[in-house]
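# Structural features, examined
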Amino acid sequence: MAAVLEGLEPEETAAAAEDAARSTVEAVESRPGAPFLLAGNQLNLDVHPGGCHRLQYLCSQQPPELLQVEFLRLSTHEDPRLLDDTLAQVPWSLLRLRSLVLKGGQSRGALGACLHGTLTTLPAGLSDLACCLAHLDLSFNRLETLPPCILELCSLDALLLSHNRLSELPEVLGALPTLTFLSVRHNCLEKLPTTLGSLSALQRLDLSENLLDTIPSEIGNLSNLSELNLASNRLQNLPASLAGLRSLRLLVLHSNLLTSVPTGLAHLPLITRLDLRDNQLRDLPAELLDAPFVRVQGNPLGEASPAPPSPPDISQIPEMPRLFLTSNLDSFLVSPHGCSVTLACGVRLQFPAGATTTPITIHYRLWLPEPHLVSLGPHDFLLSGVLELQPHGVAFQQDVSLWLLFVPPRVQRYREVVVRTRSDDSWTDLETHLEEEAPKRLWARCQVPHFSWFLVVLRPVSNTCLLPPEGALLCSSGHPGVKVTFPSGATEEPRQVSMQVVHMAGLELRALLEESEASVSPLLCLSQNGPPSFLQPVTVQLPLPPGVTGFSLDRSHLHLLYRTPSTATWDDITTQVALELTHLYARFQVTHFSWYWLWYTTKTCVGGLARKAWERLRLHRVNLIALQRRRDPEQVLLQCLPRNKVDATLCRLMDRYRGPEPSDTVEMFEGEKFFAAFERGIDVDADRPDCVDGRICFVFYSHLKNVKEVYITTTLDREAQAVRGQVSFYRGSLPVEVPQEAEAARQRKGTDALWMATLPIKLPRLRGPQGSGQGTDFSLMPLNLGDAETGFLTQSNLLSVASRLGPDWPTVALHLGMPYRELQRIRHEFRDDLDGQIRHMLFSWAERQAGQPGAVGHLVQALEQSDRQDVAEEVRAILELGRHKYQDSIRRTGLASEDSPLPGTSASQTPESAQA
């Protein structure tokens, strides 16, 4: 087992079985209902959902191949009870099991963070594997204590417990005599057991990213220890016994609170790297200062040591000043004592004591995201404005903490939020941590060494590694099948290499190519610093496009595309490389990096098609248009579109809408925030979605796959005269008072005006039928569902209903009287989009009910028959509120007297007693 694990990082160790299984997969389906992946002695059940059910089936059938399994991978993103029941069957079914990987982290959250598995303990029966189990990986789970059965695994060679919730390790941990690798990274450890020194065979120990403030002196008994990682803890000192680790080669101590280190570390005979960065070291032995293997950046070396402090008088210690700045302040003073600052623009800063040696005035400004200020990669999306902090380039003695507030995006999988800053005319990404304040408010927190421009972006997950001359393996954390293998001798000097993977939806591609069978692999971006080419060919592995396997594909339809950096074109290089195909993957070798894309299509020339697909994936700019409905000028449509879809959308809408004028199409960045203000004669219902203080507010994210539309209608004009108004669009904050037409005209000429575009709208006079005291022919909104008797539901109300139906929508549709054949058609047309299925069903039914009495009552009845009483009650509340608003507006226009009955009420009912 040691040979299998040698030279692999913990994450690579857990993926070793998957790599071999995927490349030599044999589909063993000797009997119906046995879908599992078995390759030689390796069983991989974490690739697809339902791994527990598959394993239980195998255990019940006991095929001969199962007795040969030595490597098992099983996802812990399962129901906890099902997972426990499944693991209880492992010891008596897999008698030769040597490696058990029970990792979480295969799934990612909305912001790209790895989700933890549900594993909290292990069944006691796993101790029956004590004589054979050598490798156990429980990373990315929810363990709070170490399962007792682990301590009975006397043959255990490697134990991985990273990214759990362990607060301590048991004293009996020393009872694992064969353990050579232990990883407890990123837990909550506050202390270590003294018996840790009894693990005499231990060679690699990773305790980084915990809460340790001391290390037991017994650690010096680990005579075979070659790698020790204690980074990112709270260590203030180290035991002198560390100098007795004569086999130690690597010692990582960065990001602690160390003020000194044992002098004996300089005399360790085999040490090749000692990382002491970002501590509080003021003095080091000369042997360490001059040693080439020591890293000491971020320490106050050479400064005079302060006098030993006297015991502090807590009552005399001043609390760090806290400043809350209003919008009319653009600067603040920071003293050497530090301060915490909250800005009105959604920014927080914390200056620790000693960050500056003299008082300094900090200026800030929030810029609009103009093109010359925003740096976006091909597939990045903007989540904030641009924050400028001055003075630029001033280095602080300690890192300053910066928090930027942003609204969580509706993101695709495998994306992450980072803070980007400008330094030396180039933009770099900072290490960013997310802190949730509310369900729709997140802070992006980072440490900044100096001030410049900052913004928050959403980018594809980036995986990086430092490539040494000895070679390395770089894997994608979001797409397990994407990896790059660097052979020994690929570079002479270490260089940084990085990888990003972008997914393209199959529906978009097939619509673009007009070919039902077309598919593409994930889009792979590889980059590196240093010389442009590698000295040895580098092997790239990409998964085959969905629906394609190495045993069934037609190689004439497979195209490997390469994006030429100099000409920004896509070239077909299929015939220029040796393309090796397995059942699931394609491998090829390259000597320099760019973008690579694997296409499967019957088209012969795919370079131009790839360019179109590339452009569709990188929509940085969007356009806002405003249109007025021809048959009902009361209604104004505001729509935000990707820039390349504006012309086609206008052509499609022009038969129903008028406009826009050239100034009404506004170019923006994706994710940018802007407002629409209504200058005269128009009132916005504040109960509508996306409405802030009577003004519509838009925030757009991602690829705008769901085009956001907001319909605006007027209230009745009290003087029964034609209403004239304007819709104006603003970036940033609106003025306190909505500007009048004259002010808008003045702002239109200003260079720094926030005014963007205006669409004049002319609304006809609204009045009921001649000689009638009731407005029975008056329609509040063209898209209303219902009538004056049962009440109206607007388009916004129907969207709210649709958002709550979920998987119950087919039952509701059948109770609404829709034929089953139409349900099947909707399922097929929107087969990858549940929200699309629900909206299409509900709105297509509503359009057919236009003008029909009792439509709303029919909807309420269908909801009740479908056991969705919660949605039915919501609809009744909407109707009640809407009817009161409708009655009040009729009275305000003088179309009905205070005593006369109103639409929706009987002669015996007063408006106050009308029931829903």
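Residues numbered from 1 in each chain as written. Predicted model: local features only at pLDDT ≥ 70, side-chain atom pairs only at ≥ 80, totals over all residues. Heavy atoms only, no water.

A few words now on the pattern of salt bridges. Across all of its chains, the model carries 20 salt bridges by this definition. Of the charged contacts in the structure, one is a salt bridge between R204 and E227, with a shortest N-O distance of 3.5 Å. Of this pair, R204 sits in strand 9 (residues 204-206) while E227 is found in strand 10 (residues 227-229), placing the two residues 23 residues apart along the sequence. Using a relative accessible area of 31% as the deciding quantity, one classes E227 as partly exposed. Where R825 meets E822, a salt bridge forms, and the shortest distance between an N and an O atom there is 3.8 Å. Separated by three residues within a single helix, R825 and E822 lie in helix 13 (residues 820-829), roughly one turn from each other. (Salt bridge = Lys/Arg side-chain N within 4 Å of Asp/Glu carboxyl O. Helix = DSSP H or I, 4+ residues; strand = E, 2+ residues; numbered from the N terminus. Buried < 20%, exposed > 50% of the residue type's maximum accessible area, 1.4 Å probe, protein only.)

Let us look at the packing of aromatic side chains. Counted by the stated rule, this structure contains 13 aromatic pairs. Ring geometry for F396 against F451: centres 4.9 Å apart, planes inclined by 65 degrees, an arrangement best described as edge-to-face. Pair noted here: F396 is in the loop between strand 20 (386-390) and strand 21 (400-406) and F451 is in the loop between strand 25 (441-448) and strand 26 (453-460), with a separation of 55 residues, a long-range link. As far as burial versus exposure is concerned, F396 and F451 are alike and both buried. Pairing W570 with W614 gives two aromatic rings, centres 5.7 Å apart and planes at 65 degrees, and the pair type is edge-to-face. Here W570 is found in strand 35 (residues 569-572), whereas its partner W614 is found in helix 8 (residues 607-617), with 44 residues between them in sequence. Taking relative accessible area as the criterion, W570 reaches 6% and is therefore assigned buried. Members of the aromatic cluster, connected to one another through ring pairs, are W570, W595, W597, W599 and W614. R348 extends its terminal NZ or CZ atom over the ring of W403, reaching a point 5.1 Å from the ring centre. Residue placement shows R422 over the ring face of W453; its charged tip is 5.6 Å from the ring centre. (Phe/Tyr/Trp six-rings, centres within 6.5 Å; stacked < 30°, edge-to-face > 60°. Lys NZ or Arg CZ within 6 Å of the ring centre and 35° of its normal.)

This part takes up empty space enclosed by the protein. Going through the model one piece at a time under the given rule, you end up with two cavities of 30 Å³ or more. Looking at the second largest cavity, its volume works out to about 40 Å³. Residue lining of the second largest cavity: Y414, V461, N463, S476, G478, H479, M499, Q500 and V501, and that is the complete set. In terms of residue count, the dominant contributor to the lining of the second largest cavity is strand 30 (residues 495-502) (three residues). Tallied by class, residues from the lining of the second largest cavity come to four nonpolar, five polar and no charged. (1 Å grid on protein atoms, 1.4 Å probe; cavity = no way out; pocket = protein on both sides within 12 Å on 5 of 7 lines; lining within 4 Å. Points joined across faces, edges and corners; volume = space filled by probe spheres on them. Nonpolar A, V, L, I, M, F, W, Y, C, P; charged D, E, K, R; others polar.)

Ordered in space as 28-29-33-37-36, the five strands form an open sheet in which the pairing is antiparallel. In this open sheet, the two strands that pair with only one neighbour each are strand 28 (472-475) and strand 36 (580-581). Across four bridges, strand 28 lies against strand 29 (residues 483-486) in antiparallel orientation. In the sheet register, A472 faces strand 29, and the bridge partner there is F486. (Pairing = 2+ DSSP bridges.)

In this structure, L122, L182, L205 and L228 are the most contacted members of the largest nonpolar core, which totals 77 residues. Among the elements of the structure, strand 3 (42-45), helix 3 (51-61), strand 4 (71-74) and helix 4 (80-88) are those that each provide at least two residues to this core. In terms of residue count, helix 3 provides more of this core than any other element does, four residues in total. In this view, L122 contacts L87, L102, L136, L138, P147, C149 and I150; residues no more than four positions away in its chain are not counted. (Core = buried A, V, L, I, M, F, W, Y, C linked by side-chain atoms within 4.5 Å. Contact = heavy atoms within 4.5 Å.)

Before going further, it helps to examine helix 15 (residues 855-865). Every buried residue of helix 15 is accounted for by A855, V856, L859, V860, A862 and L863. The buried residues of helix 15 all sit within an arc of 160 degrees when viewed along its axis, so they share a single face. Trailing helix 15 by a residue or two, D867 shows a phi angle of about 60 degrees, which is positive. (Arc of directions from axis to C-beta.)

Summarising burial for strand 32 (residues 523-528): five of the six residues are buried, a large majority. Judged from the six bridges that link them, strand 30 and strand 32 form a sheet pairing that is antiparallel. Its bridge partner lying in strand 32, V502 is registered against L523.

Here a disulfide denotes a covalent bond joining the sulfur atom of one cysteine to the sulfur atom of another. The full count for this structure, using the stated rule, is zero disulfides. Its sulfur unpaired, C132 is 7.1 Å from the next cysteine sulfur, which belongs to C131. The thiol of C475 is unpaired, and the distance to the nearest cysteine sulfur, on C465, comes to 9.3 Å. (Disulfide = S-S within 2.5 Å.)

As a further point, take the environment of N299. On the secondary structure map, N299 appears in the loop between strand 13 (294-295) and strand 14 (322-324). Since its relative accessible area comes to 13%, N299 is described here as buried. In this structure the C-alpha to C-alpha distance between N299 and L276, which are 23 residues apart in sequence, comes to 8.3 Å. Contact partners of N299, with chain neighbours within four places excluded, come to L276, R277, D278, N279, Q280 and L281.

Taken together, the buried positions of helix 3 are G51, C52, L55, L58 and C59. What you see down the axis of helix 3 is that its buried residues fit within an arc of 125 degrees, all on one side. Among the exposed residues of helix 3, those oriented more than 90 degrees off its buried face are H53 and S60. On its buried side, helix 3 packs onto strand 3, strand 4, helix 4 and helix 5 (90-93).

Before going further, it helps to spend a moment on the pairing of strand 26. Among the eight residues in strand 26, eight count as buried, and that is most of the element. In the sheet, strand 19 (residues 381-382) pairs with strand 26 via two bridges, with the strands oriented antiparallel. From the neighbouring strand, L382 faces strand 26, where its bridge partner is V457. Where strand 22 (residues 415-423) lies against strand 26, seven bridges are found, and the strand directions are antiparallel. Bridge pairing links R415 to P460 in strand 26.

This paragraph deals with the packing of helix 13 against helix 14 (residues 834-848). Contact geometry for helix 13 and helix 14: axes closest at 9 Å, N-to-C directions at 135 degrees. One finds that helix 13 runs oblique with respect to helix 14. For helix 13 against helix 14, the interelement crossing comes out right-handed. On the side of helix 13, the interface is formed by E822, R825, I826, R827 and E829, while helix 14 contributes Q837, H840, M841, S844 and R848. Its residues assigned to classes, the contact of helix 13 with helix 14 shows two nonpolar, three polar and five charged. (Axes fitted to C-alpha atoms, helices over the stretch in contact; angles between N-to-C directions. Parallel < 35°, antiparallel > 145°, perpendicular 65-115°, else oblique. Left-handed = near helix turned anticlockwise from the far one by under 90°.)

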